[in-house]
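Here is what each chain is made of, one letter per residue.
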Amino acid sequence: MQELTVKVPAEKAGEYRIEIGTDILGSVWAKIESQFGSVGKFVITDANVAKAGHLDKLFSGRDIPIYVISPGESSKNMNTLVSIIEAMENAYLARDTVVIALGGGVVGDIAGFAAAVFKRGVKVVQIPTTTLAQADSAIGGKTGVDSSLSKNAFGAFWHPSAVYIDVATLKTLDDRQYRAGLVESVKHALVADEKFFEFLESNLDAILRRQADILEQVAYQNCRIKAQVVEADPTEKNRRRMLNYGHTIGHAIEWGSGFELLHGEAVAIGIIAAGMIEIEMGLGDSKRLERVRKVLGELGVPVKKPANISKSILIDIIRRDKKSINKWPRFVLIDRIGNVHRREGQWAVEVKQDMVEKVLGKL
Ligand SMILES: NC(=O)c1ccc[n+]([C@@H]2O[C@H](COP(=O)([O-])OP(=O)(O)OC[C@H]3O[C@@H](n4cnc5c(N)ncnc54)[C@H](O)[C@@H]3O)[C@@H](O)[C@H]2O)c1
Ligand SMILES: [Zn+2]
């Protein structure tokens, strides 16, 4: 069992604890009771997580209102949110409610957003069950739902009051989702911690076998790195942008594939693109890129742009990036493994469009 504390702006929640362990789900309910007392509780999960047995393990036999959403991104919208809020009202819940999110990033994002808006804000406990959610979405306080036009069109920064990571829940996750979510761990290592990168390189077999003690260490390092960045820049004014490494081109590829590629798969290709830009700009060499390509390759995620997504489509999507200034975004680059390249104090830097086009041509 490992523990971390994350500090958040005082006007929000002050700080919260992250607990990481194996097969801890059965003891989490008692901990929630002791932290929050006998206030109203409301659990949000999805049908796959419920079917996999994690819901039963969490609160065997207790009479708690539960909302089970249909699995997948298509549930992360305002219609589901309204149904959740109405179910909370029907359960006579008040402002002292604690929402408990048990699931992947979709459940975490919508449950966090429901908690942010229900009666002007109630507490939320995140219990992430995917590699992506345990590395990324459950920590940091970003919540939201999609509109029919774009992802996370509605949202709020709403920090959890506690996070419980049970790496044993990952045993039931399908292999493709499992591998794709691990790309966020590779990203964390590349931007913040060379030792963590070496740890990933030398423990990939154990990670892919889902060996619990190694997964606990991976979860711990992810949380430590993300917490540090989020504490320094909670609302993404500058430093937090480093977590977008590989994501500018990654998002374009994800979108360009019509979401055929999972987020982590598209980001893996985006990380390779960032490595190629680094070489063009004299910030890296092919030896370093090969090291990164090897880890991602062994994870079994794609490292090449699908041939059916054209360069011009990608450039058009990149120009629409929500972080663009004058229709062109800045890029997060590293100058060595574990260190983001900064220019004039900025964690995301200018890269000319023709250089990005050249790299996309080779990707
Ligand atoms: N808030 C943030 O900071 C942040 C960061 C990154 C991503 N996100 C969001 O996260 C979402 C993606 O999250 P995700 O990749 O976890 O996807 P997801 O929540 O859709 O989960 C992936 C699939 O795995 C299933 N599943 C989840 N846990 C399982 C388990 N233990 N056993 C068996 N099946 C299980 C789900 O039902 C789903 O089918 C996106 O909406 C993205 O926008 C948010
Ligand atoms: Zn991501």
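What counts and how
Residues numbered from 1 in each chain as written. Chains lettered and ligands numbered in written order. Predicted model: local features only at pLDDT ≥ 70, side-chain atom pairs only at ≥ 80, totals over all residues. Core = buried A, V, L, I, M, F, W, Y, C linked by C-beta atoms within 7 Å. Buried ≥ 20, exposed ≤ 12 C-beta atoms within 10 Å, placed from the backbone. Helix = DSSP H or I, 4+ residues; strand = E, 2+ residues; numbered from the N terminus. Contact = placed C-beta atoms within 7 Å. Pairing = 2+ DSSP bridges. Axes fitted to C-alpha atoms, helices over the stretch in contact; angles between N-to-C directions. Domains from an automatic or database assignment. Nonpolar A, V, L, I, M, F, W, Y, C, P; charged D, E, K, R; others polar. Right-handed = clockwise from strand over helix to strand, strands pointing away. Expected span 1.5 Å × (residues − 1).

S.K.: What is the right way to look at the nonpolar core in this model?
M.R.: It is characteristic of soluble globular proteins that their nonpolar side chains tend to be buried jointly. Formed by 111 residues in total, the largest nonpolar core has its most connected members in I44, V99, I100, A114 and I271. When residues of this core are assigned to their parent elements, the largest contribution, 10 residues, is made by helix α12 (residues 263-280). Not counting residues within four places of it along the chain, the set of residues in contact with I44 comprises Y67, I69, I84, V99, A101, V107, A111 and A114.

S.K.: Just to check I follow, could you spell out the sheet that holds strand β1 (residues 2-7) for this structure?
M.R.: Consider a sheet: its strands pair through backbone hydrogen bonds, and that pairing is either parallel or antiparallel. The 7 strands lie next to each other as β1-β2-β9-β6-β5-β3-β4, forming an open sheet whose pairing is mixed. Of all strands in the sheet, those with a lone pairing partner are β1 and β4 (66-69), marking the two edges. The sheet shows a mean angle of 15 degrees between the axes of neighbouring strands, direction not considered. One ladder, built from 5 bridges, connects strand β2 (residues 15-21) with strand β9 (residues 162-166); its direction is parallel.

S.K.: How should I be thinking about the domain arrangement of the protein in this particular structure?
M.R.: A common way to report how large an interface is uses the accessible area buried once the components associate. Entries for the protein in the domain assignment read domain 1 (2-173) and domain 2 (178-210 + 221-362). Each side of the interface is counted separately: domain 1 has 19 residues, and domain 2 has 18 residues. Mapped by element, the contributors of at least two residues to the side of domain 1 that touches domain 2 are β1, β2 and α6 (131-137). Ranked by residues supplied to the side of domain 1 that touches domain 2, first place goes to α6 with 4 residues. Split into classes, the residues belonging to the side of domain 1 that touches domain 2 amount to 12 nonpolar, 4 polar and 3 charged.

S.K.: Where do I start with the pairing of strand β5 (residues 98-103) in this structure?
M.R.: Sheet faces and side chains relate simply in a regular strand, where the side chains alternate between the two faces. Among the 6 residues that make up β5, 6 are buried, leaving the element largely enclosed by the rest of the structure. Taking every second residue as pointing to the same face, both faces of β5 are buried, with V98, I100 and L102 on one and V99, A101 and G103 on the other. Relative to strand β6 (residues 123-128), β5 is paired through 6 bridges, and the arrangement is parallel. Bridged to V99 within β6 is V124. As a crossover connection, the stretch from β5 through helix α5 (residues 105-117) into β6 is right-handed.

S.K.: Explain helix α7 (residues 175-192) to me, please; I cannot follow it from the model alone.
M.R.: Turn by turn, an α-helix covers 3.6 residues, leaving residues three or four places apart pointing in a common direction. Here α7 is 18 residues long and its end C-alpha atoms lie 27 Å apart, about the 26 Å a rise of 1.5 Å per residue gives. The buried fraction of α7 is high, at 15 of 18 residues.

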